[in-house]
Amino acid sequence: MAVEEVGDDYTKDGTVDLRGNRVRRSQRGCWKACSFVVVYEVFERMAYYGISSNLVIYMTTILHQGTVKSSNNVTNWVGTSWLTPILGAYVADAHLGRYITFVIASLIYLSGMALLTLSVSLPQLKPPKCSTANVEDCQKASVLQLAVFFGALYTLAIGTGGTKPNISTIGADQFDEFDPKEKIHKHSFFNWWMFSIFFGTFFATTVLVYVQDNVGWGLGYGLSTLGLAFSIFIFLLGTPLYRHKLPMGSPFTKMARVIVASLIKARAPMSYGSTRLHELPSSEYASKGAFPIHSTPSLRFLNRASLKTGPTNKWSLCTITEVEETKQMLKMIPVIFVTFVPSMMLAQIMTLFIKQGTTLDRRLTSNFSIPPASLLGFTTFSMLVCIVIYDRFFVKLTRRFTGNPRGITLLQRMGIGMVLHIIIMIIASITERYRLKVADEHGLNHQMAVPIPLSIFLLLPQYVLMGLADAFIEIAKLEFFYDQAPESMKSLGTSYTTTSMAVGNFMSSFILSSVSQITKNQGRGWILNNLNESRLDKYYMFFAVLNLVNFLLFLVVIRFYEYRADVTDSAEHKEPKMIDSNNE
């Protein structure tokens, strides 16, 4: 592909500084710029998970909400936090650019965190303490108290909508896709990006959670707020080193134009001659650090949008490149659907897994008890270890057999994570059945204040394996939707990942409420406030079956998926036939 030469030291991907001037790779970008972004992510994730990891415990013990209500409030909030990035991606791609959108959203994020810290610190904003273990007998929070608390939470969620889809994209933008050396570094970026995320998460789920449970919620949340403020300061400190990509218009408008134009010309005779299809000169793309995309036979109906016939306004005539960009975003939609169920698994470790831990013996010594949410630290640690092993050893080993620079394809990596999810839920079901058996043997079925004589580390296998599964599926999701999105729609591609997480959390809330109500009406409820009277073992086995069905659907989807054939190495390597016969 011919790219206009402007000097070997200038980037060739269209990146600029904040004033719109072209930048030199020796002065901006690469790991020297990414280091600020990575450090930001460590402290921001520490702040976010310092709030979310223990949120179900706060809602239960301080706001006096039941198991189903507190779990659903957590997953609904988490789902909203993952859904708002669609708006953030739109604003960044269509109007303000990633950097400005990110900075504005960070200020909203910080204000939400500060208000939340006040909410958990001031006695007037919390209901009175309750001595009984049964939350049904405790005084509920007032409307004002709930309004302040949830208002702060959802202000925070709006702020993350502008930070989540843009910060990882800003990091990836620091590597020039047209430079061979920088392109190699970009392949490892997402692994180390996730490493930074889970390093911050590990601190949150160990130190901050302990502070919240044993020192005070106000101090615990206050440290999270300070961590976020420090992360924003670090990010701004790296401003002189960042490369930026200019807004290229709303991806939603571009996709809508292609669909409308193809419908307008639905009855027009189709011709694939180069003179019949509209496209801009290659030089016009090269001047913007972009490139044209050749027409492909997939989703053939949309090709009519670039057919030179009838009206020639922007809603009736699109370029071949615009058509192909729209195709690629639409082709990823089936993949999003099969990631909803895996996203539901993360909702379980943030809610029901933690609630299980409250029923077990948490003492490590006579003077020290481990907070239930701290087991999330083992999930994080296992993921950190797995990422290093995967990047340093697994990729090099499998590359010898597959010839793929990533070792295995991104969809194969997702598939391994999905298989692990099935195994995890089977183990969780067996473990829960054993926990209920011991509770019954000791006559604790109707007790909530007395811990079952089993160590909380009984739950360790399901936490550790969840970290292993996330190292495969969560990193693969993030990299897949970024890699497969067209250059002009990278933020929207990243928001596909957050959309998957959002829908997964909302689905978790719906299923939890539905199963709880249905099983109550039929006799013994599966999810009650007293977990010793519940049947979480059946609920977890239901999830195992759900994951199995989803995995089979996943195999069908990837069988027909076609990887985009520009820029990335995906198009240069063939997918092994045992899983996916398409090229990557």
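Residues numbered from 1 in each chain as written. Predicted model: local features only at pLDDT ≥ 70, side-chain atom pairs only at ≥ 80, totals over all residues. Heavy atoms only, no water.

Under an unreviewed UniProt entry, the name given to the protein is Protein NRT1/ PTR FAMILY 5.3-like, and the organism recorded is Camelina sativa. Turning to the protein, the UniProt annotation filed under Sequence similarities (unreviewed entry) states: "Belongs to the major facilitator superfamily. Proton-dependent oligopeptide transporter (POT/PTR) (TC 2.A.17) family." As stated in UniProt under Subcellular location (unreviewed entry), the record for the protein gives "Membrane". (UniProt positions renumbered as here; feature names shortened; annotations may be inferred.)

Burial along strand E2 (residues 452-455) is one-sided: Ile 452 and Leu 454 are buried, while Pro 453 and Ser 455, pointing the other way, are not. Across two bridges, strand E1 (residues 360-361) lies against E2 in parallel orientation. From the neighbouring strand, Leu 360 faces E2, where its bridge partner is Ile 452. (Buried < 20%, exposed > 50% of the residue type's maximum accessible area, 1.4 Å probe, protein only. Helix = DSSP H or I, 4+ residues; strand = E, 2+ residues; numbered from the N terminus. Pairing = 2+ DSSP bridges.)

On to the pattern of salt bridges, then. If you walk through the whole model with that rule in mind, you get twelve salt bridges. Its salt-bridge partner being Arg 98, residue Asp 173 comes within 2.3 Å of it at the nearest N-O pair. Taken together, the positions of Asp 173 in the loop between helix H6 (143-172) and helix H7 (180-214) and Arg 98 in helix H5 (residues 98-121) put the pair 75 residues apart, joining distant regions of the chain. Residue Asp 173 shares its accessibility class with Arg 98, and that shared class is buried. A salt bridge links Lys 254 to Glu 325; the shortest N-O distance between them is 3.2 Å. Here Glu 325 lies in helix H11 (residues 320-331) and Lys 254 lies in helix H9 (residues 251-264), a separation of 71 residues in the sequence. In this structure, Lys 254 and Glu 325 share a single accessibility class: buried. Among the charged side chains, a salt-bridge network with shared partners connects Glu 41, Glu 44 and Arg 45. (Salt bridge = Lys/Arg side-chain N within 4 Å of Asp/Glu carboxyl O.)

Turning to the environment of Ile 320, a few remarks are in order. Topologically, Ile 320 is positioned in helix H11. C-alpha separation for the pair Ile 320 and Ile 423, spaced 103 residues apart in sequence, amounts to 45 Å. Each residue touching Ile 320, except ones within four places of it in the same chain, is listed here: Leu 277, His 278, Glu 279, Ile 293, His 294, Ser 295 and Ser 306. (Contact = heavy atoms within 4.5 Å.)

This brings us to the packing of H6 against helix H18 (residues 490-522). At a minimum axis distance of 9 Å, the contact between H6 and H18 shows a crossing angle of 120°. In terms of axis orientation, H6 runs oblique to H18. Where H6 crosses over H18, the two elements pack in a sense that is right-handed. In contact with Lys 164, Pro 165, Asn 166, Ser 168 and Thr 169 of H6, H18 contributes Lys 490, Ser 491 and Thr 494. Partitioning the contact of H6 with H18 into residue classes produces one nonpolar, five polar and two charged. (Axes fitted to C-alpha atoms, helices over the stretch in contact; angles between N-to-C directions. Parallel < 35°, antiparallel > 145°, perpendicular 65-115°, else oblique. Left-handed = near helix turned anticlockwise from the far one by under 90°. Nonpolar A, V, L, I, M, F, W, Y, C, P; charged D, E, K, R; others polar.)

Moving on, we come to the layout of surface pockets. There is about 1,200 Å³ of room inside the largest pocket. If you go around the largest pocket, you meet 45 residues; those closest to its centre are Ile 57, Thr 60, Thr 61, Thr 358 and Arg 362. Contributions of two or more residues to the lining of the largest pocket are made by helix H2 (55-61), H7 and E1. Of the residues belonging to the lining of the largest pocket, the class tally is 20 nonpolar, 18 polar and seven charged. (1 Å grid on protein atoms, 1.4 Å probe; cavity = no way out; pocket = protein on both sides within 12 Å on 5 of 7 lines; lining within 4 Å. Points joined across faces, edges and corners; volume = space filled by probe spheres on them.)

A word on empty space enclosed by the protein. Summed over the entire model, instances satisfying the criterion amount to four cavities of 30 Å³ or more. Put simply, the largest cavity is a space of about 610 Å³. Lining the largest cavity we find 37 residues, and of these Arg 45, Tyr 49, Trp 82, Phe 198 and Met 501 sit closest to its centre. Sorting the residues of the lining of the largest cavity by element identifies helix H1 (30-52), helix H3 (67-83), H6, H7, helix H13 (340-350), helix H15 (376-402), helix H17 (460-484) and H18 as the ones contributing at least two each. The class makeup of the residues in the lining of the largest cavity is 18 nonpolar, 13 polar and six charged.

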